[in-house]
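Observations on the three-dimensional arrangement
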Amino acid sequence: MALLQWNERPAQVLQGGGVIGPDERLPWAQTGLMGIQHVIAMFGATVLAPILMGFDPNVAVLMSGIGTLIFFLITGGKVPSYLGSSFAFIGVVIAATAYAGKGPNANIGVALGGIIACGLVYTLVGVAVHLVGTGWIERFMPPVVTGAVVAVIGLNLAGIPIKNMAANNFEAWMQALTFVCVALVAVFTSGMLQRLLILVGLIIASLLYALLTNGMGLGKPIDVSGIANAAWFGLPQFHAPVFSAPAMLLIVPVVIILVAENLGHIKAVTAMTGKNLDQYMGRAFIGDGVATMVSGAVGGTGVTTYAENIGVMAATRIYSTAVFLVAALLAVLLGFSPKFGALIQAIPLPVMGGVSIVVFGLIAIAGAKIWVDNRVDFSQNKNLIVAAITLILGTGEFTLKFGDFALGGIGTATFGAIVLYAALNRGK
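This section reports on the structure supplied with the text. (Residues numbered from 1 in each chain as written. Predicted model: local features only at pLDDT ≥ 70, side-chain atom pairs only at ≥ 80, totals over all residues. Heavy atoms only, no water.)

Some remarks on the overall build of the chain
Looking only at helices and strands, one finds 20 helices and 6 strands in the chain. Its C-alpha atoms give the chain a radius of gyration of 21 Å, within 12% of the compact-globule value 22 Å for 428 residues. Referenced to the eigenvectors of the C-alpha coordinate spread, the extents of the chain come out at roughly 65 × 55 × 50 Å. When burial is assessed residue by residue, the chain has 56% of its 428 residues classed as buried. Long-range pairs, those at least 24 residues apart, make up 80% of the contacts in the chain between residues at least 6 apart in sequence. Total accessible area on the chain stands at roughly 17,700 Å², and carbon and sulfur atoms take up 68% of it. In the chain, 19 positive and 15 negative side-chain charges are present, and the distance between their average locations comes to 5 Å. (Helix = DSSP H or I, 4+ residues; strand = E, 2+ residues; numbered from the N terminus. Rg over C-alpha atoms; globule rule 2.2 N^0.38 Å. Buried < 20%, exposed > 50% of the residue type's maximum accessible area, 1.4 Å probe, protein only. Contact = heavy atoms within 4.5 Å. Areas by Shrake-Rupley, 256 points an atom, 1.4 Å probe, with all protein chains shown as cover. Lys, Arg positive; Asp, Glu negative; His and termini not counted. Charge placed at Lys NZ, Arg CZ, Asp CG, Glu CD.)

Below, the structure is given as structure tokens:
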């Protein structure tokens, strides 16, 4: 198949710090290591979202892999993205199912019906974009808007590791130790070791955490009992959807947020790779929509392209879609293996928090890079106001409610930036 053909770059290209494009790949051994790094990057959020909704995390991991494969096929292997559990569904799913916040969601079927309906609408939006083209995107989302939106994607996530992934002072220090480990790997190593900065930094920080806790008793020790007790292979708990009109009406508007996220992510990858991916925008929406429907059909969460993995690409400068093919296959295996799931879940939360700080920060900086590369003129009040307001809307989680539906954070920032720029640019 043509979509499975990549130009192989020699491993030596890493020593020179070169960029690996979407249509290129490293030797399969290095590609495999990069795939593992992307699985680790997505795992925390992909598992956390279903837990908050009362879904089975193993199903979510499995469907993130299958969803990424669907996205890969529909985009022809041209767009480097990983699809993981979308946090945009959490609020509406809880509202639609009256979930109490603990244990399995007894009304999961109703939520799944709404998720499938949302995926269908998302797919139709993608078909429209594919047929009409992306000229309107260029008009409504110039570099000042796209840079602000991409920066907001990173800044909006900042509160997750800072507020939720360190319960005490020791764990906060472990977060700091983790991002210092990643920084040292990024600056003082080279070649493949430097490209694997997230994975290597995480391993080093986890070993130090084990030394300080399990060895010296300074904090909560790493619990490996779950790894020992888990089975190597096993089916996750699948569920069937139930189609309820009220639930569907409540959940379908989430498509607005999914479009905003995917749009911002593709713009970010375009800016980082130097390759215009706008021609694949419609396919990307279709891929994400179909993946969401398939996930909802078996008990998984709605999926979206992941900012966490874009952050990894920004750090490694490896944008090969072959990496995401490997990552997706690994996630599928992980979904069928409770033992591997237990292994990843054994990674200390503060260490994951420290890694998240690095990844989310890199996403934010990618937005600023769009401004620099496109020489956005901030002496123009139009650009200055659009960027300033967008950053605060997204970072501050500014929320607008339309009945039971709430548009907040990235959604209000994205659409706010588009509308505001259009209003201020009318004279042009």
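A few points about the environment of Gly 67
For Gly 67, the position within the fold is in helix H2 (residues 57–74). Distance from Gly 67 to Ala 291, taken between C-alpha atoms, is 4.5 Å for residues 224 residues apart in sequence. Every residue in contact with Gly 67, bar those within four places of it in the chain, is listed here: Leu 83 and Ala 291.

Some words on the packing of aromatic side chains
Describing an aromatic ring pair means giving the distance of the ring centres and the angle of the ring planes. Per the counting criterion, the structure on display carries 3 aromatic pairs. Judged by centre distance (5.8 Å) and plane angle (40 degrees), the ring pair of Tyr 122 and Phe 285 falls under tilted. Separated by 163 residues along the polypeptide, Tyr 122 in helix H4 (residues 108–132) and Phe 285 in helix H14 (residues 281–298) bring together distant segments of the chain. In this pair, the class of Tyr 122 matches that of Phe 285, namely buried. Between Phe 170 and Tyr 209 the ring centres are 6.1 Å apart and the planes differ by 45 degrees, which places this aromatic pair in the tilted class. (Phe/Tyr/Trp six-rings, centres within 6.5 Å; stacked < 30°, edge-to-face > 60°.)

Focus: the nonpolar core
Among the nonpolar cores identified, the biggest contains 106 residues, and Met 42, Phe 55, Phe 89, Val 145 and Ile 198 are the most heavily contacted of them. In contact with Met 42, other than residues within four places in its own chain, are Val 61, Ser 64, Tyr 82, Tyr 306, Asn 309 and Ala 331. (Core = buried A, V, L, I, M, F, W, Y, C linked by side-chain atoms within 4.5 Å.)

Thoughts on the pattern of salt bridges
Scanning the model with the defined rule gives 2 salt bridges in all. Note that Asp 278 and Lys 267 form a salt bridge whose closest N and O atoms lie 3.1 Å from each other. In this pair, Asp 278 is assigned in the loop between helix H13 (255–273) and H14 and Lys 267 in helix H13, connecting sequence segments 11 residues apart. As far as the burial class goes, Asp 278 and Lys 267 line up, both buried. One salt bridge connects Lys 369 with Asp 373, and the closest N-O pair in it is separated by 2.7 Å. In this pair, Lys 369 and Asp 373 are both assigned in helix H18 (residues 349–373), 4 residues apart and thus about one turn of the helix distant. The exposure class assigned to Asp 373 is partly exposed, which follows from its relative accessible area of 45%. (Salt bridge = Lys/Arg side-chain N within 4 Å of Asp/Glu carboxyl O.)

Topic: empty space enclosed by the protein
Counting across every chain of the model gives 1 cavity of 30 Å³ or more. Taken as a whole, the largest cavity encloses approximately 30 Å³ of empty space. Around the largest cavity, the lining residues are Thr 68, Phe 71, Phe 72, Thr 75, Val 79, Pro 80, Ser 81, Thr 321 and Phe 324. Of all the secondary-structure elements, those providing two or more residues to the lining of the largest cavity are H2 and helix H16 (321–335). The element contributing the most residues to the lining of the largest cavity is H2, with 3 residues. Looking at the lining of the largest cavity residue by residue, the classes come out as 5 nonpolar, 4 polar and no charged. (1 Å grid on protein atoms, 1.4 Å probe; cavity = no way out; pocket = protein on both sides within 12 Å on 5 of 7 lines; lining within 4 Å. Points joined across faces, edges and corners; volume = space filled by probe spheres on them. Nonpolar A, V, L, I, M, F, W, Y, C, P; charged D, E, K, R; others polar.)

A look at helix H10 (residues 197–215)
Here H10 spans 25 Å end to end across 19 residues, near enough to the 27 Å set by a 1.5 Å rise per residue. Listed as buried for H10 are Leu 197, Ile 198, Leu 199, Val 200, Gly 201, Leu 202, Ala 205, Ser 206, Tyr 209 and Thr 213. In the stretch just after H10, Gly 217 is the one whose phi turns positive, near 70 degrees. (Expected span 1.5 Å × (residues − 1).)

Focus: the environment of Leu 199
As for its placement among the helices and strands, Leu 199 is situated in helix H10. Sequence-distant contacts of Leu 199, defined by excluding residues within four places in its chain, comprise Leu 33, Ile 36, Gln 37 and Ile 40.

Keep in mind these values describe shape, not function.
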